[in-house]
Amino acid sequence: MTVKDKKYNHSFARRLTRAMMIVLFVMMGALAFLVYYLTKDIITDVNAHTFHGNMQSNGRAITRALSEMDVAVLNNIFDIEQHIDQPEQLKAIMGRMVELNPRLRSCGISFIENYFPKKGRASCPYAFRNDSMQVETTILQDTTYLASSWFKEAIEKDSAYWSEPFFDNRDAKTPLVAYMVPVHNKEGKVVGIIGADLSLDFMTKLLANQDSAFQEDTWSIHINGDGIYRSYVLSRDGNYITHKEQRRILKSNFYVHIKDVKKHGVAKEVIDEMKNGERSDDETEKILLINRRESYLFYTPLEGTNWMLAVSVPVIAINMVGTGVGLMMFMLVGVILIITFYVCKLAIRRASKPLKQLAATADEVASGQFDTALPEIKSRDEIHMLRDSFENMQHSLAKYVEELKSTTAQRATMESELKIAHDIQMSMLPKSYPAFPERNDLDIYGQVMPAKAVGGDLYDFFIRDNKLFFIIGDVSGKGVPASLVMAVTTSLFRNIATYTEEPSHIVFAINQNLTANNDTGMFVTLFVGMLDLTTGKMNYCNAGHNPPLILANGEVKEILGEVNIAAGVIPDFEFLEDHLEMNPGDTIFLYTDGLSEAENIDSQEYGEERVLQVAERTVSKPQTLIEVMTEQVQLFVGEAEQSDDLTMLAIEYTNNL
C-alpha cells in the first residue's frame, strides 16, 4: 500500500457501504436462505410432477381425437369396397363422411392409373368444405398425384397411417394432416388410397383449451402477458405442427430455440431424445434456455403418430417458492429500508457538507469560469481526492474547449463535402418524372433512400431503339466506398448497354471491370433487364439480387428468382439470362434488400411476405406502388434508425402505342 493510499483509508464510501451492507446482508441473507432452503426442493418436485402429468393428459386427449378420425374412416371401408366400381356412389360416400365429421376438411379416394378408363388416367371421388362450410362433392381428374411420392408410398405400404403435415393445395395457408387408408378391389388388390384431410387447427385449439383449464385449476400466474404453460405438437425434426401463431406452423423449428443454460448442458441430449421418440423423465430436472427464457422441458411421443408433444414451463413457474418468498420479503424489505434510511441519513449528513461546497464551485465552472478557486477540504478521504481531481479537470476543460473549436470546424467542412457528394450521387440517378412524357406505352418510377449521406444502391434506365434498358443494384457495404462502386457501376451500365441488347453481356462486362484489381473485395448484386416496348418480351439477368415481382390485376403473377452470383466476385463468370412475356398492364417491381430487411426497434425484419402483401393490395401504378410501400415500411420501422440503403423501381408496360 502506498503513502497516498494510507492517507485516504478512512473513506466516506467505505463507512457508508459498511453500515448499509452489514444490515442488509445479515437480515435479508439469513431470512432468504432459510425460506429458500426449507421450501425449494419440495415445491419444485411437486410442480414438476404436476406439469408432467398434465402433459400426459394432453397427449391422451390428442390421441383420442385422432382415434376418432381413424374409426370414422375405417367404419366406411366396407361400404367403399362394396361400391369400388361405382365412382358416383363413392363420391356420395365421401360427401357423407365429411358431412358427419366436423373436423374433416376434405376426403377423397385417389385411384391407381386408368382404374376408371372412361374417367381418364386419374380419378378421385372427392368431397370438401367450401368457404361457407358447405360440403361439395366432385370427381377430380388431375393426374398430378399419380407421380407423387406420398401416393406411391401409400400404395406400397398397404396399411393405414398418418401422413406428414402439409398445406392445403386450395389456399396454401391451411395446415393439414391426412389419414391414409388403402382401398382394395374384390380380388384384394390395392387400387386406391383414402386421404382424410384433418385441419391442424383442432389440435391447436384442443391444447389451448386444455392448457387454459389446467392453469385455472392450479395457478393464475402469467409472465409477460402469456400463460405459464406452453404445449406444442412437433414433428420428429422439430417443426411446429401446432402453435398459437399460425405463421410458425410447418415453417418454424422448435429445436433452434433450445439452448444450454450452462456451458456444458443437456440441449443436445434432449434434442436427440425427441428425434428418437423418447419421453422425458419427470424425476429428472432439465433446465434449458427456450426462447431466451430459462424453462423446464417435458416431452412424450404421441401414440399412433410420428409426432412429439412438448411442454415448456418457465423456471419461475415451477419454482413456486418465489411467490411465497416474495410476499415475506416484501414486508421485511420495508422494515430493512427504514432502518437503512436512518443509518444512511446520519452518515451522509456528516459527509455531504464538503460536497455542497464543491457543488457550488462546479456550477461556476460549468458557466465557463474555469479559473474559479476551489474550497479547501481538510478531510483525507475520497472527497479530498475529488477536489484534487476537479482541479485537474479545470485545466483539462480549458484545453478541451480549444481543441473542440478546431474539431467542430473540421467536422463542418467534412459534412459540407458529404453534402456535395450526396448531391453528385443523386444527380447520377433518374429523378425527373414522368421519365418519358412523350410515350404512353410504359410508366416508370424509381426512388433511392441512402442509409448514410451517400450510399451504395443504384438504379437507372433509358430507351434505345424502342427498347427499355433498366438496372437496379446493391453494393456491398455503405458510405463513401460503396458510393464510388455505385458510380462506376452506373457508368458501366450506360456505356455497355449502348452497344449490346443482351442483359447477360452487360452484367458480364460489369463483372469483368469490377473484379479487375478488386483488392477491397467489394461486390454488387444486380438485376439488368431489356424490355422490348413493341412486343412486350423482356430479357433479364439476375446477378444475386432480390427476386423482382411481376404484378398483374392486383396479384403477384410471378417472382423472378436468383440464378447467378453477384458481380465483382469471380472474373470470367458466365452469367445466364432468362426471358418472359409481359402483357399490357403488367408491372415489374424491383427493390433492394433494404426493403425486405428493414428492422424495427425489436430487431424484427419487414420481410418478403409483407412486401408481397402490400404489392398485391396496392393499385399497381408505379409511383403509387412505391409511395405506399415506402409509407408501410416506415410505419413498420417506426423510430428505429435506417440500417441499409433502400431502393425501389417499378415499371408498368401499357403498350398503348
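Residues numbered from 1 in each chain as written. Predicted model: local features only at pLDDT ≥ 70, side-chain atom pairs only at ≥ 80, totals over all residues. Heavy atoms only, no water.

Caption draft 1: Geometry of the pairing of strand β3 (residues 135–140). Two elements, strand β2 (residues 124–129) and β3, share six bridges in a ladder whose sense is antiparallel. Paired with Arg 129 across the bridge in β3 is Val 135. Where β2 folds back onto β3 in an antiparallel hairpin, the turn is made up of five residues, including Met 133, whose phi is positive at roughly 65°. (Pairing = 2+ DSSP bridges. Helix = DSSP H or I, 4+ residues; strand = E, 2+ residues; numbered from the N terminus.)

Caption draft 2: Quick look at unusual backbone geometry. Note that the residue after Tyr 433, namely Pro 434, is joined by a cis bond; omega there is 0°. Here Pro 434 shows up in the loop between α11 (382–427) and β15 (442–449). Even without being a glycine, Asp 158 presents a positive backbone phi close to 55°. Positive phi, close to 65°, is recorded for Asp 572, a residue that is not glycine. Mapping Asp 572 onto the fold places it in the loop between β21 (555–559) and β22 (578–581). With a relative accessible area of 52%, Asp 572 lands in the exposed category. (Buried < 20%, exposed > 50% of the residue type's maximum accessible area, 1.4 Å probe, protein only.)

Caption draft 3: Quick look at the confidence of the model for the protein chain. Mean pLDDT over the protein chain: 79, with 78% of residues reaching 70 or higher. Ignoring residues within four places in sequence, the model shows residues 1–8, a span with pLDDT below 50, making seven contacts including any to other chains. For the stretch residues 219–227, pLDDT sits under 50, and the model shows 19 contacts to residues farther than four places along the chain or on other chains. (pLDDT = per-residue confidence, 0-100. Contact = heavy atoms within 4.5 Å.)

Caption draft 4: Examining the environment of Asp 260 more closely. With respect to the helices, strands and loops of the structure, Asp 260 is situated in strand β11 (residues 258–260). Note: C-alpha distance between Asp 260 and Leu 288 (28 residues apart in sequence) is 5.3 Å. Every residue in contact with Asp 260, bar those within four places of it in the chain, is listed here: Gly 265, Val 266, Ala 267, Leu 288 and Leu 289. At a separation of 3.0 Å, a polar atom in the side chain of Asp 260 contacts the main-chain amide nitrogen of Val 266. Here the side chain of Asp 260 touches Ala 267 through a polar contact of 2.7 Å, landing on its backbone nitrogen. (Polar contact = N/O pair within 3.5 Å; in protein donor to acceptor, adjacent residues only side chain to side chain.)

Caption draft 5: Examining the sheet that holds strand β24 (residues 646–653) more closely. The five strands are arranged β15-β24-β23-β20-β21 in an open sheet whose pairing can be described as antiparallel. The strands lining the two open edges of the sheet, one partner per strand, are β15 and β21. Across the sheet, the axes of successive neighbouring strands diverge by a mean angle of 20°, strand direction being ignored. Examined bridge by bridge, strand β20 (residues 549–552) and β21 share four bridges and lie antiparallel to one another. Within β21, the position partnered with Ala 552 by the bridge is Glu 555. (Axes fitted to C-alpha atoms, helices over the stretch in contact; angles between N-to-C directions.)

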